[in-house]
Amino acid sequence: EDKVVQSPLSLVVHEGDTVTLNCSYEVTNFRSLLWYKQEKKAPTFLFMLTSSGIEKKSGRLSSILDKKELFSILNITATQTGDSAVYLCAGGLGGGSNYKLTFGKGTLLTVNP
Amino acid sequence: DGGITQSPKYLFRKEGQNVTLSCEQNLNHDAMYWYRQDPGQGLRLIYYSQIVNDFQKGDIAEGYSVSREKKESFPLTVTSAQKNPTAFYLCASSTTANYGYTFGSGTRLTVV
């Protein structure tokens, strides 16, 4: 059974702290690892990782994939209250007509002023 | 503006009634997906479709039905056979080129 496990499930920090969110996966026919941010309704895309060891960055956010250990992390530096959200990790599996994403349960991040 | 539109945003139904959730996209994406989100459960796949007139069951398809008569549209029917239909439903689409999803804003269904 395909599985994506995120940790921690919730996290409370103060503004300015650095956080690391974890995602481990066991999926067949792995294609990609994706991170999304969900504030109220629709998840918004953050990163897609396909190659091991290559860090992707966007402002204060960065992510890296380890395909040997089946693991990914999402780092957020100098956190702000606007970073408060649920962060979803998903494993992309299959290809062509069988492609789909399997999601973890998410990490609820709360950033207090 | 291209995107995915889900309607309605909120829906209330009495137990035992079927209800259909709408999902329309103008992104020219081939693939469309329906997920259900419950508190503490993450997103769980209900049905997905890669081409018109074809769709596959996801992990929790029981009590749901879909159709894909047009590339732009992928409606989800929640039938009376679904034991716990109250949830937040998200529709998504993707091309086969980049494998990322674009999500709609969701429909919150409450069955009383």
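Before reading further, recall that the structure is shown in the block above.
From a predicted model like this one, the values you see are computed outputs, not experimental measurements.

Peer 1: Describe the overall build of chain A, and please don't skip the residues or the numbers.
Peer 2: Scanning chain A from N- to C-terminus turns up zero helices and 11 strands. Relative to the 2.2 N^0.38 estimate, which gives 13 Å for 113 residues, the radius of gyration of chain A is 14 Å and therefore close to what a compact globule would have. Long-range contacts, defined as pairs at least 24 residues apart, comprise 55% of the intrachain contacts of chain A with a sequence gap of at least 6. In the structure as shown, chain A presents an accessible area of about 5500 Å², 50% of it carried by carbon and sulfur atoms. Side chains of chain A carry 12 positive and 10 negative charges; the gap between the two charge centres is 6 Å.

Peer 1: Quick one: what's the story with the side chain of A:N75, residue by residue and with numbers?
Peer 2: All names here are of chain A. Tracing the backbone through its elements, the reader meets N75 in strand β8 (residues 71-76). One polar contact links N75 to T20, side chain to side chain, over a distance of 2.5 Å. In this view, N75 contacts V19, T20, R60, L61 and S62; residues no more than four positions away in its chain are not counted.

Peer 1: Outline the side chain of B:S94, listing residues and values.
Peer 2: All names here are of chain B. Looking at where S94 falls in the secondary structure, it is placed in strand β9 (residues 87-94). Assessed through its relative accessible area of 1%, S94 is described here as buried. At 3.4 Å, the side chain of S94 forms a polar contact with the side chain of Y33.

Each value, and the rule that gives it
Residue numbers restart at each chain and count upward from 1, following the sequence in its written direction. Following the order in which they are written, the chains are lettered starting with A and the ligands numbered starting with 1. Only residues with pLDDT of at least 70 get local features here, since the model is predicted, and only at 80 or more are side-chain atom pairs given and counted; chain-wide, interface and lining totals rely on the full set of residues. The side-chain numbers reported here are obtained from all heavy atoms of the structure, hydrogens and water having been left aside. Put simply, DSSP H or I for four residues or longer makes a helix, DSSP E for two residues or longer makes a strand, and each gets a number counted from the N terminus. The globule rule used here is 2.2 Å times the number of residues to the 0.38 power, and the radius of gyration it is set against is calculated over C-alpha atoms. In what follows, residue pairs with any heavy atoms lying within 4.5 Å of each other are defined as contacts. All accessibility values rest on the Shrake-Rupley procedure with a 1.4 Å probe; residue burial counts only the protein chains present in the view. The charged-residue count follows a simple rule in which Lys and Arg add positive charge and Asp and Glu add negative charge, with His and chain termini not counted at all. By convention, charge coordinates are those of NZ in Lys, CZ in Arg, CG in Asp, or CD in Glu. Pairing of N or O atoms within 3.5 Å defines a polar contact, subject to two protein rules: one partner must be a possible hydrogen donor and the other a possible acceptor, and residues neighboring in sequence count only if both atoms are side-chain atoms. Type-normalised accessible area, obtained with a 1.4 Å probe on protein chains alone, sets the label of each residue: buried when under 20%, exposed when over 50%, and partly exposed for intermediate values.

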